[in-house]
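# Understanding the architecture of this molecule
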Amino acid sequence: MGLAGRDPIFYAQLESEFALLEKAGVGDLSSNLGTTCLSCHAAMGQRQLSIDAHENPDKGLNANDFKVAYTLLHDPLTASEEQKQKDAGVFDYHQYGNLGREGISCAVCHHIAPPEQAAGQPDYNTLDTYLMNGTTGVFRLTDADELGGPFKDVAVKPMQNAMGITPVFNEYVKDSQMCGACHTINLPNVDADKTKPLEGYSEADQKVFNDAAKNGAAFLKDEYGTTFAEGLLDFQHSVEQATYIEWVNSVFNEEGTGQSCQDCHMKGNFETVDGEIKIDSITTQIASIQDSNLPDVDNLLPTKDITVPFREDYKRHNFVGLNAYMVSMLSQFSEELGMGYSDPMTSATNGAQLSLDTMALQARDETADVGIEVEMGDGGVVAHVSVTNKTGHRLPSGVGFRRAFLEVKATSKDGKVIWCSGCSNDAGVILGADKKPLKTEFLDHVPAGAKEALFQPHYTVIDDQDQVQIYEELTQNAELEFTTSFVHRVFHPKDNRLPPKGALKPGTPEFIAKFGDSEVTAAFMKATLPEGKAKMDADFGDGSDRTTYRIKVPKGVNAKEVTVTATLYSQAIPPYYLKQRFETAPKQPATQRLYYLASRLKTEGTIIEGWKLKVQSASGSAKSQ
């Protein structure tokens, strides 16, 4: 989160989006889309610019176009630097660029207030109030001179005297819905037919998405006088990212089995990967100040005013997912990306490694379980591989280009690989039986006479090494070309990302019992459901999937001595995604920077060796049957 304003992958994605908008004849929307995206990724800078432009109109600040270039600005160090910024017309924006680079910092989350219904809106319930008013980076703020936190008994004087800010109790900071402000994203589809709803949605559903976008734009205009969101309202909207509502539609959002976003992503314990250090809970004062534990000084406040309580339920602000690629880039190329390698407060240099270690633990212990049952059959062995999602959202979740895939490998008694589905090379490219990249791997191979490129569908049975179970979302633009754009998502041939346990289908009695009969909730929750062949798989759902592998054993190999190993790998930025970035905007600076980073990133001996992150594995043989 704190790296969102420096994420080199995100900025390359933005350049692709701008290039595709230009290609579609709507390049004038680049500022509208860019400012929308940066309202989360560069939240402090974008929001402060909106506030200042609204409160001080005489300054002539333009808050409707938070340019990517602002995030590259810094305080001028010389008169010539200052003059250069002034000549370029960006001098007044460097302070907002500085803020934007800091991403989702403390002052963002600890200032977020719950969404509210606007005048004239229907009497929404709490969830629908959020869905219609609080997604896509549209969030209300608490008072500027207060910061909300989870504790009621707070020593207020230290922060008041040091920062002019009063710490106050705010229950909302513990609510998963707060995270949903930037983890439910409702975006336009610029090449979709404007006269009919998007694929999979009814007229009523489409109206819900479009109205939610209009509500967000109206709030931003009323609150800050900005109109950038209005430029995107002429298109059919849909949910591009659904992480928060995936959680809502799961047992993690139910009494007795509930776990909030904060429970999983803000750990109250500490553990090393090797298990040598395990601390069940962390006790800390959180703030380190000049208190009665230090030597006495003149003008010291009374002890009662500067005694900061020890907290036994402190939560680490680690906030990691499985994107070890970005953290590795920022660690290995800290100078190129403008990152200090050491912590300015503590001089510690292990911050990046702690993040990577936390990701490794999360992948190993909290992401998924893999199971396998092996038996004789079909002239060889049959392996039944199960994957169980342990998270409170889909696996993978977030942006649609993330994927997880199963490598299922059969080895003979002497350790020789005799069959493999999902084996890959050092660049993370999945290979076929001929050891060459699969024709489906880059989503660009269109067979003669076909209208669209080949892809790996969802499988119930795999009996060929060129078939691979990949858990992913695939989308196509209006021309049926596979795309990783966020605003050209017209068709959805596949979405078999593993749902969390307890995911319910809108319209069913179970869904209505939990959520009621709200059209708003039903429309948004459709975005949490599978697409393509996964919808018809009886073994897919309620947090798990089961795939049968029929493996032919070569002559001379005893099938009972064959070991089958199934390993689930995660790829936050798959090779096909990188290929699309490098081909879509090859001459743009952020894209060239990503090429530089990705082509030089050292993965050997790291948790992303082979351009893949191991989650879990299981092995079995027919010998024990």
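Here's a quick rundown of the structure. The model shown is predicted, which means the values in this text are computed figures rather than measured ones. (Residues numbered from 1 in each chain as written. Predicted model: local features only at pLDDT ≥ 70, side-chain atom pairs only at ≥ 80, totals over all residues. Heavy atoms only, no water.)

### Some points on the overall build of the protein chain
The cut-off we apply is this: Under the DSSP-based scheme used, a helix requires at least four consecutive residues in state H or I and a strand at least two consecutive residues in state E, with every element numbered from the N terminus. With the radius of gyration taken over C-alpha atoms, the globule rule is written as 2.2 Å times the number of residues to the power 0.38. Burial here depends on accessible area, computed with a 1.4 Å probe over protein chains only, as a share of the maximum for the residue type. Under 20% is buried, over 50% is exposed, and the range in between is partly exposed. Contact criterion: two residues are considered in contact whenever any of their non-hydrogen atoms come within 4.5 Å of each other. Here the open area of atoms and residues is found with the Shrake-Rupley method and a 1.4 Å probe, where only the protein chains shown may cover a residue. Think of it this way: Lys and Arg go in the positive column, Asp and Glu in the negative one, and His and the chain ends go nowhere. For the purpose of locating charges, the reference atoms are NZ of Lys, CZ of Arg, CG of Asp and CD of Glu.
Secondary structure assignment for the protein chain yields 19 helices and 19 strands. Here the C-alpha radius of gyration of the protein chain, 26 Å, is about what a compact globule of 625 residues would show, namely 25 Å. In terms of its C-alpha atoms, the protein chain occupies a principal-axis envelope of roughly 85 × 65 × 60 Å. The proportion of buried residues among the 625 residues of the protein chain is 52%. The contacts of the protein chain with a sequence gap of at least 6 include a subset with a gap of at least 24, amounting to 72%. Of the roughly 29,000 Å² of accessible surface on the protein chain, a fraction of 50% belongs to carbon and sulfur atoms. Distance between charge centroids for the protein chain: 7 Å, based on 58 positive and 86 negative side chains.

### Looking at the pattern of salt bridges
Stated formally: Note on definitions: salt bridges are taken to be side-chain nitrogens of Lys or Arg within 4 Å of carboxyl oxygens of Asp or Glu.
The tally for this structure, following the rule as stated, stands at 32 salt bridges. Note that Asp 305 is salt-bridged to Lys 304, the shortest N-O span being 3.2 Å. Arg 394 is paired through a salt bridge with Asp 495; the nearest N and O atoms lie 3.3 Å apart. Of the two residues, Arg 394 sits in the loop between strand 10 (380–389) and strand 11 (403–411) while Asp 495 sits in strand 16 (residues 491–495), which places them 101 residues apart along the sequence. A single burial state applies to Arg 394 and to Asp 495, both of which are buried. Counted as one network, the salt bridges with shared partners bring together Glu 246, Arg 394, Glu 473, Arg 489, Asp 495 and Arg 497.

### As for the packing of helix 14 (residues 324–332) against helix 15 (residues 351–366)
The test is simple: Axes here mean lines fitted to C-alpha atoms, for a helix over just the part in contact, with angles spanning 0 to 180 degrees between N-to-C directions. What sets the label is the angle itself: under 35 degrees gives roughly parallel, over 145 gives roughly antiparallel, 65 to 115 gives roughly perpendicular, and the rest give oblique. Put simply, a crossing is left-handed when the front helix is turned counterclockwise from the back one by less than a right angle, and right-handed when it is turned clockwise.
The interhelical angle for the contact between helix 14 and helix 15, taken along N-to-C directions, is 165°, at an axis separation of 10 Å. Taken together, the axis directions place helix 14 and helix 15 in an arrangement best described as roughly antiparallel. The handedness of the crossing between helix 14 and helix 15 comes out as left-handed. Facing Ala 324, Val 327, Ser 328 and Ser 331 of helix 14, the residues of helix 15 in contact are Ala 352, Ser 355, Leu 356 and Met 359.

### What to know about the packing of aromatic side chains
Ring pairs (aromatic) are described by centroid distance and by the angle formed between their planes. Where we set the bar: Two aromatic rings, drawn from Phe, Tyr or Trp (for Trp, its six-membered ring), form a pair once their centres lie within 6.5 Å of each other, and the interplanar angle then sorts them: stacked below 30 degrees, edge-to-face above 60, tilted otherwise.
Inspection of every chain in the model, using the stated rule, returns 18 aromatic pairs. An angle of 55° between the planes, with centres 6.5 Å apart, marks the rings of Tyr 93 and Tyr 96 as tilted. Each of the two residues, Tyr 93 as well as Tyr 96, counts as buried. Each ring, one from Phe 209 and one from Phe 524, has its centre 5.2 Å from the other, and the planes form 85°; the classification is edge-to-face. A residue pair is termed long-range when its members are at least 10 positions apart, and Phe 209 in helix 10 (residues 203–224) and Phe 524 in helix 17 (residues 519–525) qualify at 315 residues. Each member of the pair, Phe 209 together with Phe 524, is buried.

### Examining the nonpolar core
Spelled out, the test is: Buried residues of nine kinds, namely Ala, Val, Leu, Ile, Met, Phe, Trp, Tyr and Cys, make up a nonpolar core once their side-chain atoms join them within 4.5 Å.
Ranked by internal contacts, the top residues of the largest apolar core, which has 61 residues, are Met 329, Ile 573 and Trp 611. Of all the secondary structure elements, the ones that give two or more residues to this core are helix 1 (8–23), helix 2 (30–41), helix 3 (43–55), strand 5 (185–189), helix 14, helix 15, helix 18 (575–584) and helix 19 (589–600). Apart from residues no more than four positions distant in its own chain, Trp 611 is found in contact with Tyr 325, Met 329, Asp 426, Ala 427, Gly 428, Gln 571, Ile 573, Pro 575, Leu 578, Ala 598, Leu 601 and Thr 603. Of all hydrophobic cores here, the second largest spans 32 residues; its members include Leu 395, Leu 406, Ala 534 and Ile 551.

### A word on unusual backbone geometry
Omega for the peptide link from Leu 395 to Pro 396 comes to -5°, which places this bond in the cis form. Residue Asp 378 is not a glycine yet carries a positive backbone phi of 55°. For Asp 378, the location among the structural elements is in the loop between strand 9 (368–377) and strand 10. What makes Asp 378 exposed here is its relative accessible area of 53%.

### Focus: the pairing of strand 17 (residues 544–552)
Just so we agree on the cut-off: Here a strand pair is declared whenever DSSP counts at least two bridges between the two strands.
Pairing of strand 10 with strand 17, which is carried by nine bridges, proceeds in the antiparallel orientation. By the bridge assignment, His 384 is partnered in strand 17 with Thr 548. Two strands pair when backbone bridges link them, and strand 13 (residues 461–462) and strand 17 are joined in this way by two bridges, in the parallel orientation. Along strand 17, the bridge assignment pairs Val 461 with Thr 548.

### Considerations on the state of the cysteines
Heads up, the rule is: To count as a disulfide, a pair of cysteine sulfur atoms needs to be within 2.5 Å.
Considering all chains together, one arrives at two disulfides under this definition. Each sulfur of the disulfide joining Cys 40 and Cys 182 lies 2.1 Å from the other. Classification of the bridge connecting Cys 40 and Cys 182 rests on its S-S torsion, roughly -95°, and on that basis the disulfide is left-handed. Note that Cys 40 is positioned in helix 2 and Cys 182 in helix 9 (residues 176–183), a separation of 142 residues in sequence.

### Side note on helix 18
Taken together, the buried positions of helix 18 are occupied by Pro 575, Tyr 576, Tyr 577, Leu 578, Gln 580 and Arg 581. Summarising the contacts, the buried residues of helix 18 are in contact with helix 1, strand 11, strand 14 (470–476), strand 15 (482–483), strand 18 (563–571) and helix 19.

### Section: the sheet that holds strand 9
Read from one edge to the other, the open sheet built from four strands follows the order 9-10-17-13, with strand pairing classed as mixed. The open sheet terminates on both sides in strands that have one partner only, identified here as strand 9 and strand 13.

### Observations regarding the side chain of Arg 403
Basically, it comes down to this: For the purposes of these results, a polar contact is taken to be a pair of N or O atoms within 3.5 Å, where, inside protein, one atom must be able to donate a hydrogen and its partner to accept one; residues adjacent in sequence count only when each atom of the pair is a side-chain atom.
Among the structural elements, Arg 403 can be located in strand 11. Here the side chain of Arg 403 touches Glu 441 through a polar contact of 2.6 Å, side chain to side chain. A polar side-chain atom of Arg 403 sits 2.6 Å from a polar atom in the side chain of Gln 571.

### A word on helix 7 (residues 126–133)
Across the eight residues that make up helix 7, a large majority, seven, are buried. Within helix 7, burial applies to Leu 127, Asp 128, Thr 129, Tyr 130, Leu 131, Met 132 and Asn 133. In this fold, the buried residues of helix 7 make contact with helix 9, helix 10, helix 11 (243–248), helix 16 (509–515) and helix 17. The backbone nitrogen of Leu 127 has a side-chain oxygen 3.2 Å away, supplied by the residue at the start of helix 7, namely Asn 125.

That's the geometry; what it means functionally is another story.
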